[in-house]
Amino acid sequence: WQGNEKHKHQWLLSLLAWYIIFGALHEACHLIAAIVTGVGAGVFDEGHVLFRTLLLRQSYIPVLADQKDADAIVVSVVRHAGWIASILFLLLACKRKSRPENDVCVLAASLTALEALWSDLLCIYPATRGVFFCGNFGILMLHEAWCSADGGKTALDVLQKMIQVTMMRGAQSGGVIAFQPRSKDPNKGPVVKGIRARVVNKKRTDLSKELRKKIQREVSFRQIPFVAGHTRFATSSKATLEGTHPQQWTPRVRRRVFDFDCPHGDAGHEYKPQNAMVENYVTHNGDFDFFTLNGTTYDLEVVQRFLALVLGHPMPAAVDSCAVAGLFDLLRSQGSFALSARYACCLGLPSSKMVIDEAFPSYSHFEIIGSIFEEVLQEMLKTTTFEAINESSEIRSSFAQRVSSKVTAKKHTLIKPLLGNFIATDSEQGGATILSFCTTTIHAFFDNDLLMATKKFLKDAKGSFGLCVVSSLDANRQLCLAARGQTMSIAFYPDKGLICYGSEQAAVKAAINFEFPGANADVLGRSHGDIDNDALRLDLDDLGGEIIVLDYGCKKYKNPPVSMPHRDLMQHELMNGSLYAVLYQESKATTQDPQLYHRMTRLTRNRFIKPLRSDPKDLVASDIQDIPRVCRTIQDEWRADKASSSLNRLTAYNLSRCLRQRLEAHVAGTVHQRAVDILVTGCEVSLWQAEQFASDLQKAFPNLRIKSVSSNKLLGLYGQEIAVPTIGFPDAPTTNHLHDTIIIVVSHSGGTFAPLACSNLLQSATKNIFVVTSEWDTQIGKQLRAMDELDDQNEDHLFHTRIFSTEVGMRPAEPCSVSVVGTHQLLTNLFEYICVVILSDHRFRRVTAACISEQDLLVLERCNRENIDALCELVSATDFGRPLEGDPTTTTTALRGVGALWADHVLENARAYLLTFLYIFGTVVSGYPLVWGIFLATGIDPSSNWAYLVRLLDAAIYFWMPQINVTILRLFQGRNLLHRMVGRTVVIGDIPWVAQSAEAFLSKLFACSYSIAGLNVHSGNPSDHFVHRHTHRVVRGSLVVCGRPDGRLSALSSAEASVCLSVNQASSIQSLGGTCETVTIGHNPFKLPLSADAVFLRRKRPLFLCERMLVENDYKAERSASSSDVPEASRHGKLSWFFRRPSPAAVMDLSGHKDTSIRLSVTHRRSASALIGAYVSIEEETDRERLIQDNETVTVASVIDKAIEERKWSDQARKLFYALDLDGDGFIDEGEFIGGCYRIRSVLPSDELLEIFRLADKDGSGHLDYDEFLDMLRNTDLEIRVPPSNRDERGIVQVEASREKYFGEVLRKYNAGKLKKDVDFMLARSQHFSQELYESRIASLQRFVAMTVMFHEMGKRVQQFFVNISFGLLGYRMDRTHSIMRIATTASPISGADVRQRMRQLQLLKKVQHSIHVISMAFLQYKTRKAQKVGEKPAKSHDETNSQSSKIADFEYGC
C-alpha cells in the first residue's frame, strides 16, 4: 500500500480490529480456565466484563483476588492458560499466511502473544491479585432458619449492615471467621475448620460490599453457628492483608486433645484423647502495648520475638493484635497436656520469663511430656472418674505427685537440657520445682478454657481491648467477648433466634430492620427475663473490664460452660434457654447489678432508641435536606408544654440544679479562685462548636469562669501517668480547679475515644457531667447513666438524666452537616436556658455581672424560631424533611450555581485531558493532524517546503494541546480565561466555627476524588489572620468563599467592614490582570466591587432598631426629595454620600420582615463602610442637636454621664412598665396604674396609690412616661413585683419570643416622653449584645448551611463526571473518605495505655471516699440515737450540729 493512503488506513484499522480480537480471546481463555477449575464464581458479578476484556485487556477473577489463600496450582493453571492459548492462535494464524491479507492477522497475533509471554509467563508486569496483567462485629445464629431458609441471604444482609455501621470506626480492611463442620460421624466428635475471609479495602470501594462478596464465595452458611468479624483502621502498621483481622499466629495444626464436652443422654461418656485440628482466632479493637510476667514488663517487640520462639512459627504480621492471638495460642490449653505443659513453662511458673536469646524445645518435646500425664491419668481413671479429678483439688494434687515422680525419673532427658531455665532439677538450682510444674500443667489442662485464657491475658496485658476470642476446640458451643478500655455490646433477639455483638453500639441494632427468615417466628418462644419478647442489649463494663462467655451449646451438652474455678459465677439463661451467658467482672472498682436484666437496654418499643436509617442514594444531600426538620424538632423539645415528656427539658432541669448550687457557692464566696465554673469539651467539629458556645456564655456572664478545652488535652493532662504538656496553651492541673465543675461534653457520635474517656476520667472530680450527643443511646450516655449507682438517695434517676440529645441519630456520611447544625441548635437553646436560670435571681445577676438581659433573650428566641424558615429556603426542603414543591428557591439556585461553576473549574483539567486524548487518538490513527489536514485540503503539494512549517505547527499543537483545550472549555463555558491552569485551592473565610466546619466538610467531600480533580482546602478568620495566612498564597484562579456578617446591624457593621477589607486585599493581588475568584455569602445585599459573585441570604427576622432608624431616614429623604426641586445628588439628605444607588435589576427587597408601616420606593444597598458612616453621622447629628438645644459644651463629665446613662435601663423596671401599660401606648394613666397595682397584688390602698401617681406626674399631663416611672420607683417605698416573664403560668422555664414589628418597638414606647434627641441611638446601642448573639447563634449557622449546599453541588458534579465518562468504573462516593473513620474510637493522639488505669484508680478512690462518708454519717446517727436513749443531752443546737459535721468532715479528710 505504499503511496496509497486509503489502503494504509484500511490496514491500520484491520490491525486494530485483529489486535482487539486476539486480546479478547486471550482474556476469555483466562475466564474459561477459571470456570473449569472451579474458581469462576463471581466473574460476571462485577459488571463491565465486556469493557474490561475488549479495551482494558484484563480479566478479573474475584476468588483469586487473595492469592495467598488460593491454591497455587489453580493460580498457575489460570495464569498460564492465557499465554498458551495466545501461542496457539499465533501458530494458527501463521499456518494460514499463504494469503497476503493475512499478514496483518499474524502481526496482531504476534503482538498479543508477546504481550502474553511478557505478563503471564515472565510476570514482568506488576501482578495485581485477581487481575492477570478497626471495630468488632459478629452474629450468632441460634436458629437453623438463618442458614437454611434463604441460603443465608438475610443473615448476610444483617452482617453487611453491621459492617456498614462498624466501618464508621475505620475501615481500611476487614475480615470474618466462621467455623464449618468437617465430620459426618457423630461418634467421632465435632471436627470443624475455620474459614477466614479477609479484604483490604481500596480507596474508592465499599468494604461492606467487598467483604460480603468474599464471604459468599468462601463461606458456606450451612450449619455454621456464628460469624465473627472486624474492620480495621491501621494504627500500628500499614493496612495490609496480613494485618487484617481476624488474627491467627499458629496455623491450623493437629493436636492431641481430650474432648471435655459431654452430650446430654451420654451417661457413659468416655474421656479419651483424640487428634483434632486446632486453630485459634482473635479480633481485637484497641491497642496492645506491654505484657507483664512475674513482675517484669515486656514491650510489644519482645513479646513478638518470644512468641515466634516458643510457638515455632514466624510472626505472621507486625500488628499488635497478632501478638494477642499468639498469647491466646499459649493460654488456651484446656484438654491438651502438651499445650498445658508449654503454657506452664512459658507463662504459668514463678520462674517463667520471656527469653528471646535462648533455645526453646519444639512442640514435639512437650508431646512427650504430655504422654506421661496421659499415662498417669489413664491409671487414675481405673479408680476414679474424670469429673472427680476435675472437681477435686485433693485428687489433682495426688495426680501432680504421681506425674512428678515419673518426670523426675526422666529429668535429665526431658527437663534439664531444654527446660532447665524454667524448672529446677535439683535443690541447689533456682526456679520452680518439677512438682509445681506438674501442678500448673494439670490446672491448665482442666481450667484454661476461653474464659480463663481471656482472664489471664487481661490481667497481665496493658492497653485497651475489645476482644472476640474463638477456637476450633470450642466453636461447637461457645465464644468469648471482652471489653476493657474499648466498648462491646451484645444484642439479644429472642423472637428471631439471633444475637448480634459489636464494638459500635449502633451496629447491634442492625437486626431490628430485618425479619426472621423462617416460616413462623412463634416457634422460638419467649426467653426467660425478656418482657414481651423484646430485643435487649447488654453493654459490657469497659471501664472496669468485663468478660462474657456466650454458651450456645447448653442444650446439647450437660457439662457446665466454664471450668471449675469459675463455677461460682452466675449462669444467666437467655434466649428461651438456648443460651447461657457467664460474666466475669475484672475490676472491683466498679459494681454491676447481678440481675442481668437490670443492666440491659430495651431496643424495641423504646422511644429513646432509634433504629438504623435506610441509606439513601446521596447521603450528604439527605443530611442537608433534613436540617430544617431536625432544628424544628429540637426547638419543639424545649417548649414548656414538653417539660414533662422531653428528655432535654428533664436534663436541663438537672443542669439548672447543679448551676444554682454553683451560683449559691459564688454568692457565699466559697468558690476556689482557680475554679472553672463550666467546662465544655469535645473533639474536632464538636470542639469548635463548644468553643463558640463557651465564648457566648462567657460574654453574657463575665464573672463566671467558662472554658472550652479539647478532650485530647484533658486526657493528656489527667489521664496519663506522665502528663502530656499543653505547650502553647495555659491549661494545666495547676491552672484549672475542676472540683464540682459543670462539665458539658459535646460529641455527636457519643463514642469518640477522647470525650468518652473524659466522661469517665472526670467523674472523680465532679458529678456534674452532661453530654450533648446525637441520641439517648450512646456510649457516653451509658457511662453517665451509671454515675448515680453509689448514691442510694437517687432512686428516681429520671430527674438525674445527663443527656442532651439532638435526635439526629447515626449519620454515616463523613462530611458532617446535619449533625453540626443539630448540635449548634441545641446549644443555642441550652444557652437560652442557662441565661434564664441566672437572670431569674438578682443575686445570681450580681455575682455573674450579667451583661445579657431578658430583652436580649426575647430577640434571640424570635430569631431562633424564624430561623427555620430561613433554613427551609436555603436547602429547598420543608421542616418535615421533604423537598419543596416546584422549583428550588432562588437562594438555593444561586448557591448551586456557584457550586456548579466551581465544579467546572475543578474538572477543567480532566475534561482537557479527555479532549487531548481524543484529538491525539483521532489525528494519529487517521494520519491527519489538524493543520496538516487543512494544508492538504487546500490542494498544496505535500512535498513543498511549506510542509515543514505545517508539521511544526502540528507539533506545537500537540505540545500545547492541554492548554488549548482548557482555553476552549473556558470560552465555551464563559469562565475566566486568566486563571492558572493548575489544580484548584479553596480558601474559606468566616468566624472560626463556621470556617473550620466548612473546611472539614469540603475536604471530606473531595477525599476520594481523583488527583486530576483534586482540591486543596484552607480556612481562616477574615477578621483576624485570614490576610496573614493566605494572601501570600493568592494566585490567579484561587477560589475564595467568605461569609460576611450582617453589617446593617450597628454592632456588626465594623465586623463586616473588616471582612470586606480582607476580601478586597486578597482580591487586589493580581497577575496579568487576573486574581482569585471570590464569592461572598451574607445577608447584606451589597456586592463587593472586587468579588466575582455574591450570594445574598434573605433576612428572616424583624428589623433591629438601628435598621429601622436607617429606613426612617431613607423615608424622610424620599419625602423631602419628592416635595422639593433639589439636585439629584442631594435627594438623600445629609447621608447621601454614604448611599450607593443600585441598578434597576438589583432593586429588590431582601429584608423579609413584616413591618409594612414604612414603604420605600427604592431599597438602598449600602456597603459596610457606608453603614459605619451612616451610623456615625446619626450619632454626630443627634449630639449636635442636643448641644444646640441644651446650650451645653462637651465635657468629660457629660461623656461619663452619657456612658452611665446607657446602662441604666433596668430589665425589671421595663417588665413592670410593660405590665402596667395595658394599651401599649408607652404611657401609664391613673386607671392603668391603680388597676395594675391591684392586679399584681399591691398592699397599698387606692388613695395612696393615687397620691403616688400625682407626685410622680411632674409635668401634670395625667400620665407617666418611662422616666417619670423610674423616678417614682427610686423615690418611693412602693414595692410592686411582677411575675417572671421567662416562665409560663405553671412556673416552668420558657423563653418567649419577641412579638414586636421591629426589635426596639417597645423600648421606643417606653421612652416616648423623653425630650432628648439621642434616645433612639442609645436604645440601638442597648441592642448590640443581642445583635452579636444573632450573629454567633443564627446568622453564622445560615451561612454554614449555605456553604454546605454550595459545596455539595460542587462535589456531586465532580463525582458524577467520573461515573459518566467511565460507565461507572471510576465512580467513587463523596460521603466517605479513604480512612472511613466517622468515629475516632482509637486512642489518638493521646495514648489510651494509661487512661484505664487512671480511671480505675480514680473510680476506686471515689468509692473509698463514698464509703468513708457513709461510715461517718452512720457514726453521727449512732451518736445521736445513743444520746437520745440515755437522755444525756437535749436536741443539739445549730452550732453544735455544724461543729460535729465539721469534725466528721475532718475525719473524712484524714481518711
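Quick caveat, the model's predicted, so the values are computed rather than measured.

**So, the overall build of the protein**
- Counting its secondary structure elements, the protein contains 47 helices and 31 strands.
- By residue count, 56% of the 1455 residues in the protein fall in the buried class.
- Per element, the accessible surface of the protein, about 62600 Å² overall, is 55% carbon and sulfur.

**Notes on the environment of Glu-1305**
- When you line up the elements, Glu-1305 lands in helix H43 (residues 1305–1310).
- Taking the C-alpha atoms as reference points, Glu-1305 and Phe-1104, 201 residues apart in sequence, are found 9.0 Å from one another.
- Of the polar contacts made by the side chain of Glu-1305, one reaches the backbone nitrogen of Lys-1301; its length is 2.9 Å.

**Observations concerning the pairing of strand S21 (residues 706–710)**
- Within S21, 4 of the 5 residues are buried, leaving the element largely enclosed by the surrounding structure.
- Here strand S20 (residues 678–682) runs beside S21; their pairing, made up of 5 bridges, is parallel. The residue of S21 that forms the bridge with Leu-679 is Lys-707.

**Describing the nonpolar core**
- Grouped together as the largest cluster of nonpolar side chains are 126 residues, with contacts concentrated most on Ile-852, Trp-902, Leu-1002, Phe-1351 and Met-1354.
- By residue number, the principal contributor to this core is helix H45 (residues 1328–1365), which donates 17 residues.
- Excluding its chain neighbours within four sequence positions, the residues that come into contact with Leu-1002 are Val-986, Ile-988, Leu-1015, Val-1017, Phe-1351 and Met-1354.
- Counting 82 residues, the second-largest nonpolar core is a separate cluster that includes Leu-331, Cys-345, Phe-399 and Ile-547.

**Considerations on the pattern of salt bridges**
- In the structure shown here, the tally under the stated rule is 55 salt bridges.
- A salt bridge links Arg-605 to Asp-534; its shortest N-O distance comes to 2.7 Å. Residue Arg-605 is located in the loop between strand S19 (601–602) and helix H19 (619–625), and its partner Asp-534 is located in the loop between strand S14 (498–502) and strand S15 (536–539); the two are separated by 71 residues in the primary sequence.
- Look at Arg-605 and you get exposed, because its relative accessible area is 51%.
- Of the charged contacts, one joins Asp-1046 and Arg-1101 as a salt bridge, the two residues approaching to 2.8 Å between their closest N and O atoms. Residue Asp-1046 is found in the loop between strand S27 (1039–1044) and helix H35 (1053–1067), and its partner Arg-1101 is found in the loop between strand S29 (1093–1096) and helix H36 (1105–1122); the two are separated by 55 residues along the sequence.
- Look at Asp-1046 and you get buried, because its relative accessible area is 0%.

**Observations concerning a nonpolar patch on the surface**
- A contiguous nonpolar patch, built from Leu-13, Leu-16, Leu-915, Phe-917, Leu-918, Phe-921 and Val-925 and spanning about 640 Å² of accessible area, is present on the exposed surface.
- Listed by contribution, the elements that provide at least two residues to the nonpolar patch are helix H1 (5–36) and helix H29 (890–926).
- A total of 5 residues in the nonpolar patch trace back to one element, the largest contributor, which is H29.
- As for its placement among the helices and strands, Leu-13 is situated in helix H1.

**Quick word on the packing of aromatic side chains**
- A full pass over the atoms with the stated rule returns 37 aromatic pairs.
- Their ring planes at 90 degrees and their centres at 5.0 Å tell us that Phe-959 and Trp-960 sit as a pair that is edge-to-face.
- For the ring pair Tyr-1010 and Phe-1362, a centre distance of 4.9 Å and an interplane angle of 45 degrees mean the geometry is tilted. Of this pair, Tyr-1010 sits in the loop between helix H33 (992–1005) and strand S26 (1015–1020) while Phe-1362 is found in helix H45, placing the two residues 352 residues apart along the sequence. Residue Tyr-1010 shares its accessibility class with Phe-1362, and that shared class is buried.

**Details of the side chain of Asp-618**
- Locating Asp-618 in the fold gives a position in the loop between S19 and H19.
- Summary of buried charges: Asp-618 has no salt-bridge partner, and the nearest side chain of opposite charge, Lys-1356, is 4.6 Å away.
- Within the structure, Asp-618 has its side chain in polar contact with the backbone nitrogen of Ala-621 (distance 3.1 Å).
- Non-local contacts of Asp-618, meaning those with residues more than four positions away in its chain, are made with His-1352, Lys-1356 and Met-1374.

**What about the state of the cysteines?**
- Tallied over the entire structure, the rule returns 0 disulfides.
- With no disulfide of its own, Cys-346 lies 6.5 Å from the sulfur of Cys-345, the closest cysteine sulfur.
- With relative accessibility at 0%, the residue Cys-346 sits in the buried group.
- Not engaged in a disulfide, the cysteine Cys-631 finds its nearest cysteine sulfur in Cys-872; these two sulfurs lie 9.2 Å apart.
- Residue class for Cys-631 comes out buried when judged on its relative accessible area of 0%.

**Concerning helix H31 (residues 946–959)**
- Here H31 contains 14 residues, and its C-alpha end-to-end distance of 20 Å stays within 8% of the 20 Å for a straight helix at 1.5 Å per residue.
- Within the sequence span of H31, burial applies to Ala-947, Val-950, Asp-954 and Ile-957. In a view along the axis of H31, the buried residues occupy a sector of 80 degrees, so they form one face of it. Opposite its buried face, H31 presents the exposed residues Tyr-948, Leu-952 and Phe-959, each directed more than 90 degrees away.
- In this structure, the buried residues of H31 make contact with H29, helix H30 (930–937) and helix H32 (961–973).

**A closer look at H32**
- End to end, H32 covers 18 Å across 13 residues, agreeing with the expected 18 Å (1.5 Å per residue, within 8%).
- Against H29, H31 and strand S25 (984–989) lie the buried residues of H32.
- Immediately beyond the C-terminal end of H32, within one or two residues, lies Gly-974, with a positive phi of roughly 70 degrees.

**Regarding the sheet that holds S14**
- Judged by pairing direction, the sheet is antiparallel, and its 8 strands sit side by side in the order S5-S4-S6-S3-S14-S13-S15-S19 without closing on themselves. In the strand order of this sheet, the two ends are held by strand S5 (192–200) and S19, each with one partner.
- Running over the sheet, helix H6 (residues 153–166) touches strand S3 (135–141), strand S6 (226–232) and S14 and is turned about 165 degrees from S3.

**Quick look at the side chain of Glu-1300**
- Checked against the element boundaries, Glu-1300 lands in the loop between helix H42 (1266–1275) and H43.
- Summary of buried charges: Glu-1300 has no salt-bridge partner, and the nearest side chain of opposite charge, Arg-862, is 6.6 Å away.
- Polar contacts involving the side chain of Glu-1300 include one to the side chain of Ser-1298, which spans 2.9 Å.
- The contact partners of Glu-1300, leaving out residues within four places of it in the chain, are Gln-855, Arg-862, Pro-1102, Glu-1305, Val-1306 and Leu-1307.

**With respect to the confidence of the model for the protein**
- On average, residues of the protein carry a pLDDT of 80, and 78% of them reach 70 or more.
- Across residues 1125–1153, confidence stays below pLDDT 50; counting only partners more than four residues off in sequence or on other chains, it has 49 contacts.
- Across residues 1191–1209, where pLDDT falls below 50, the model places 20 contacts with residues more than four positions away in sequence or in other chains.

**Some points on the environment of Tyr-298**
- Tracing the chain through its elements places Tyr-298 in strand S10 (residues 296–299).
- Linking Tyr-298 and Lys-353, residues 55 residues apart in sequence, is a C-alpha distance of 9.5 Å.

Each value, and the rule that gives it
- Residues numbered from 1 in each chain as written.
- Predicted model: local features only at pLDDT ≥ 70, side-chain atom pairs only at ≥ 80, totals over all residues.
- Heavy atoms only, no water.
- Helix = DSSP H or I, 4+ residues; strand = E, 2+ residues; numbered from the N terminus.
- Buried < 20%, exposed > 50% of the residue type's maximum accessible area, 1.4 Å probe, protein only.
- Areas by Shrake-Rupley, 256 points an atom, 1.4 Å probe, with all protein chains shown as cover.
- Polar contact = N/O pair within 3.5 Å; in protein donor to acceptor, adjacent residues only side chain to side chain.
- Pairing = 2+ DSSP bridges.
- Core = buried A, V, L, I, M, F, W, Y, C linked by side-chain atoms within 4.5 Å.
- Contact = heavy atoms within 4.5 Å.
- Salt bridge = Lys/Arg side-chain N within 4 Å of Asp/Glu carboxyl O.
- Patch = residues over 30% accessible without salt bridge, like charges linked within 9 Å, V, L, I, M, F, W, Y side chains within 5 Å.
- Phe/Tyr/Trp six-rings, centres within 6.5 Å; stacked < 30°, edge-to-face > 60°.
- Lys, Arg positive; Asp, Glu negative; His and termini not counted.
- Disulfide = S-S within 2.5 Å.
- Expected span 1.5 Å × (residues − 1).
- Arc of directions from axis to C-beta.
- Axes fitted to C-alpha atoms, helices over the stretch in contact; angles between N-to-C directions.
- pLDDT = per-residue confidence, 0-100.

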